[in-house]
Amino acid sequence: MKIDPHPKGTRARVLLTSVFGPYAQDDEYGSRAINPVELYHNQVTRVQGPFSLRMFHRSWGLMMIQRNIAAPSTLLDFPSLAQFIRHIRENEYDIIGISSIVANAGKVRKMCSLIREHQPRCAIVVGGHVANVADAAERFDADYIVRGEGIAWFRRFLGQDQNEAIEHPEVFSGFGGRIMGLKLSNAPKHKAATLIPSVGCPIGCNFCCTSAMFGGKGKFINFFDTGRELFQIMSRMEERMGVQSFFVMDENFLLHRKRALELLDLMRRHDKSWSLYVFSSGRTIQSYSMEELVGLGISWVWMGLEGEDNNYAKLRNIDTRALVRALHENGIRVLGSSIIGLDTHTPENIDRVIDYAVAHETDFHQFMLYTPMPGTPLYAEHQSNGTLIPGVEEADIHGQYAFNFYHPHISREDSGKFLLRAFERDYQVNGPSVMRIARTLLEGWRRHKDHPEERVRRRFCRESEALKLGYGCALWAMERYFAASNPALAKKIRSLQSDFAAEFGVVIRLAGPIVGRLIYHMIRREERRLNRGWTYQPPVFIEKRNWEKLPPASLAPGLEPVPQI
């Protein structure tokens with residue numbers, strides 16, 4: 001689509017903003033207590049109480065756009081409503097871009113109306129998943145609705161060459177991490193940097209809103225085509241950020257085999273012992289040898305399991321339970337993702353469906369309701385069939401509450417109950433994710449501590465450094481926590497403790513009860529805090545770029561460059 005460039009070109013003043021908080025509460029704008037802005041606690045560890053992994057992630061898409069436009073720009077991430085209002089009152093912009101998911105459409109509407117009130121001459125741009133809503137142009141008082149990749153769009157709008165090389169921002173994957181009432185280390189060696197090689201997924205599952213956002217089945221956009229480009233970016237991040245781990249935000253990173261193997265070759269030649277956390281389909285994982293996966297530093301895989309008897313080609317003839325076991329044996333943690341509400345699911349077979357998912361014993365398990373999201377082929381199918389439930393608020397269309405369509409066998413009310421049942425059974429049978437991670441790390445350490453490649457031994461040594469004290473002592477606290485409420489799980493934890501003691505000896509036996517008592521106290525304190533209704537909120541970030549390129553007279557009050565807060 002042809003875009004008329006903004007008359008000010010790269011001198012236009014740009015604000016890029018996420019939707020306003022607070023989050024994790026029910027309000028008139030679309031926030032929901034059930035849908036916090038915490039990826040893991042939202043849809044993976046949501047019933048694990050004090051053992052739930054709590055952390056926030058920055059708005060990576062906005063950060064990528066800001067890094068790749070020449071205009072003076074401000075990034076406002078996680079503002080409150082009052083902070084957003086104050087910012088647009090005190091600072092003048094030519095363009096304001098808002099990024100959002102569908103569930104926050106109400107917040108987008110409010111922000112558009114506020115911009116019209118306080119900055120009527122400003123061009124409003126709305127993007128992200130919310131742009132996939134069919135009537136977005138009518139719902140939002142915006143000048144532009146941007147569907148798909150935003151860097152090229154903004155470059156065209158600003159009169160830049162959209163084919164300029166992409167610059168990758170340097171950003172940590174998560175922040176504000178907590179588990180068991182303990183803050184996770186902020187030391188760079190314990191954190192991962194975010195790496196975004198591509199967007200979109202050529203596999204194109206019918207329910208996937210990310211695939212649909214970037215063109216659907218067979219479509220994707222590579223920001224970096226070669227392993228050498230990724231190696232250079234990762235080397236720079238290692239040097240400047242001090243990281244050794246990378247969260248690879250790519251829907252199916254390993255699918256780009258030539259790029260991945262080139263990266264592996266460079267890691268070997270330059271003695272890099274990096275850890276990679278990736279998304280991948282089962283069929284793609286099986287196209288690599290375990291030696292290649294271990295050599296590439298694959299330490300964590302988010303893999304769609306979808307569900308028993310699913311019809312997705314990416315899992316056809318794949319024994320996913322055997323695959324998960326093989327990955328675990330090599331120290332590779334697995335986040336499995338299963339769907340509740342496929343057409344074949346019924347109230348009569350739902351327990352079998354859940355048990356099948358739980359039997360994978362993944363380190364984390366995401367359960368999501370089969371949800372037609374705007375813009376996806378699944379949504380178009382239900383729209384065509386007239387099976388979308390009318391009147392469902394956008395704020396409740398996110399896969400963690402209830403169906404937004406008429407299922408052939410399961411009611412909307414029961415859908416939420418079955419989803420919660422899946423989470424609870426996985427937790428009751430397999431225990432806290434932190435316990436499962438300890439088991440997988442121990443398996444990887446045992447198998448690869450004597451690996452023939454020194455760089456691989458170095459990685460497993462680094463990843464396992466917390467086993468002796470951190471995880472070993474946490475297991476003592478966990479056994480005590482579950483002793484009365486879940487004896488079967490407590491027995492599993494005792495068995496794992498014995499494995500730790502056999503591997504690390506007297507250190508575990510002596511330190512476990514001492515440090516374990518402190519961890520147990522922290523777990524109980526966190527539990528009481530959460531039971532009182534405590535919610536975690538991310539801090540606001542304000543980041544400015546390229547303002548020094550404007551002469552002082554053109555700077556609006558309050559827009560002098562300031563450090564990140």
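An account of the accompanying structure is given in this report. All of these numbers come straight from a predicted model, not from anything done at the bench.

Considering the nonpolar core
Item 1. Counting residues in each nonpolar core, the largest one holds 107 residues, and the members touching the most others are Leu254, Leu276 and Phe500.
Item 2. Here this core takes 9 residues from helix α18 (residues 467–482), the largest share from any one element.
Item 3. Not counting chain neighbours up to four residues away, the residues in contact with Leu254 comprise Ala260, Val278, Phe279, Ser280, Thr284, Ile285, Tyr288, Leu293, Leu296 and Ile298.
Item 4. Within the second largest apolar cluster, 41 residues are counted, among which are Tyr23, Val102, Val130 and Met373.

What about the sheet that holds strand β12 (residues 245–248)?
Item 1. Taken in spatial order, the 6 strands line up as β9-β12-β13-β14-β15-β16 in an open sheet, and their pairing is parallel. Each edge of the open sheet carries a strand with a single partner, namely β9 (192–195) and β16 (364–369). Within the sheet, the average angular offset between the axes of one strand and its neighbour, ignoring direction, is 20°.

Here we look at the packing of aromatic side chains
Item 1. Taken as a whole and judged by the stated rule, the model has 30 aromatic pairs.
Item 2. Consider the rings of Tyr144 and Trp153, whose centres lie 5.4 Å apart with planes at 65°: the pair is edge-to-face.
Item 3. Under the relative-accessibility criterion, Trp153 is labelled buried at 5%.
Item 4. Through pairs of rings, three or more aromatic residues link up here, namely Trp60, Phe247, Tyr277, Phe279, Trp300 and Trp302.

Some remarks on helix α19 (residues 487–504)
Item 1. In this model, α19 (18 residues) spans 25 Å end to end at C-alpha, consistent with the 26 Å of a helix rising 1.5 Å per residue.
Item 2. Next to the buried residues of α19 lie α15 (412–430), α16 (433–448), α18 and α20 (506–531).
Item 3. Where α19 ends, the next residue or the one after it, Gly505, has phi of about 65°, a positive value.

Topic: the environment of Phe214
Item 1. Tracing the chain through its elements places Phe214 in the loop between α7 (209–213) and β11 (221–222).
Item 2. Phe214 gets classed as buried once you look at its relative accessible area, which sits at 15%.
Item 3. Along the sequence, Phe214 and Gly204 sit 10 residues apart, while their C-alpha atoms lie 9.9 Å from each other.
Item 4. Dropping the residues within four chain positions of it, Phe214 is found in contact with Gly148, Glu149, Val199, Gly200, Lys219 and Ile221.

Some points on the side chain of Glu394
Item 1. Looking at the secondary structure, you find Glu394 in the loop between α14 (377–385) and α15.
Item 2. Polar side-chain contacts of Glu394 include one of 3.2 Å to the side chain of Arg109.
Item 3. In contact with Glu394, not counting residues within four places along its chain, are Val102, Ala103, Ala105, Gly106, Arg109 and Arg139.

Details of the sheet that holds strand β17 (residues 541–545)
Item 1. Taken in spatial order, the 6 strands make up an open sheet running β6-β5-β4-β1-β3-β17, and their pairing is mixed. Strand pairing shows two members of the sheet lacking a second neighbour, β6 (144–145) and β17, which therefore form its edges.
Item 2. Examined bridge by bridge, strand β4 (residues 95–99) and strand β5 (residues 123–127) share 5 bridges and lie parallel to one another. Counterpart to Gly97 in the pairing with β5 is Val125.
Item 3. Strand contacts of helix α3 (residues 81–90): β1 (14–18), β3 (73–77), β4 and β17, with the helix running at about 175° to β1, the strand carrying the most contacts.

Notes on the pattern of salt bridges
When the charged atoms of two side chains lie near each other, side chains of opposite charge can form a pair.
Item 1. The full count for this structure, using the stated rule, is 37 salt bridges.
Item 2. Here Arg67 ties to Glu167 by a salt bridge, and the two come within 3.2 Å at their closest N and O atoms. Of the two residues, Arg67 is situated in helix α2 (residues 60–67) and Glu167 in the loop between α6 (150–157) and β7 (175–179); the sequence distance between them amounts to 100 residues.
Item 3. When its relative accessible area of 38% is taken as the criterion, Glu167 is described as partly exposed.
Item 4. Two residues, Glu479 and Arg494, come together in a salt bridge whose shortest N-O distance is 3.2 Å. Here Glu479, found in helix α18, pairs with Arg494, found in helix α19; they are 15 residues apart in sequence, far enough to count as distant.
Item 5. A cluster of three or more residues bridged by salt bridges with shared partners is formed by Lys8, Arg13, Glu92 and Asp94.

Quick notes on the rules
- Residues numbered from 1 in each chain as written.
- Predicted model: local features only at pLDDT ≥ 70, side-chain atom pairs only at ≥ 80, totals over all residues.
- Heavy atoms only, no water.
- Core = buried A, V, L, I, M, F, W, Y, C linked by side-chain atoms within 4.5 Å.
- Buried < 20%, exposed > 50% of the residue type's maximum accessible area, 1.4 Å probe, protein only.
- Helix = DSSP H or I, 4+ residues; strand = E, 2+ residues; numbered from the N terminus.
- Contact = heavy atoms within 4.5 Å.
- Pairing = 2+ DSSP bridges.
- Axes fitted to C-alpha atoms, helices over the stretch in contact; angles between N-to-C directions.
- Phe/Tyr/Trp six-rings, centres within 6.5 Å; stacked < 30°, edge-to-face > 60°.
- Expected span 1.5 Å × (residues − 1).
- Polar contact = N/O pair within 3.5 Å; in protein donor to acceptor, adjacent residues only side chain to side chain.
- Salt bridge = Lys/Arg side-chain N within 4 Å of Asp/Glu carboxyl O.

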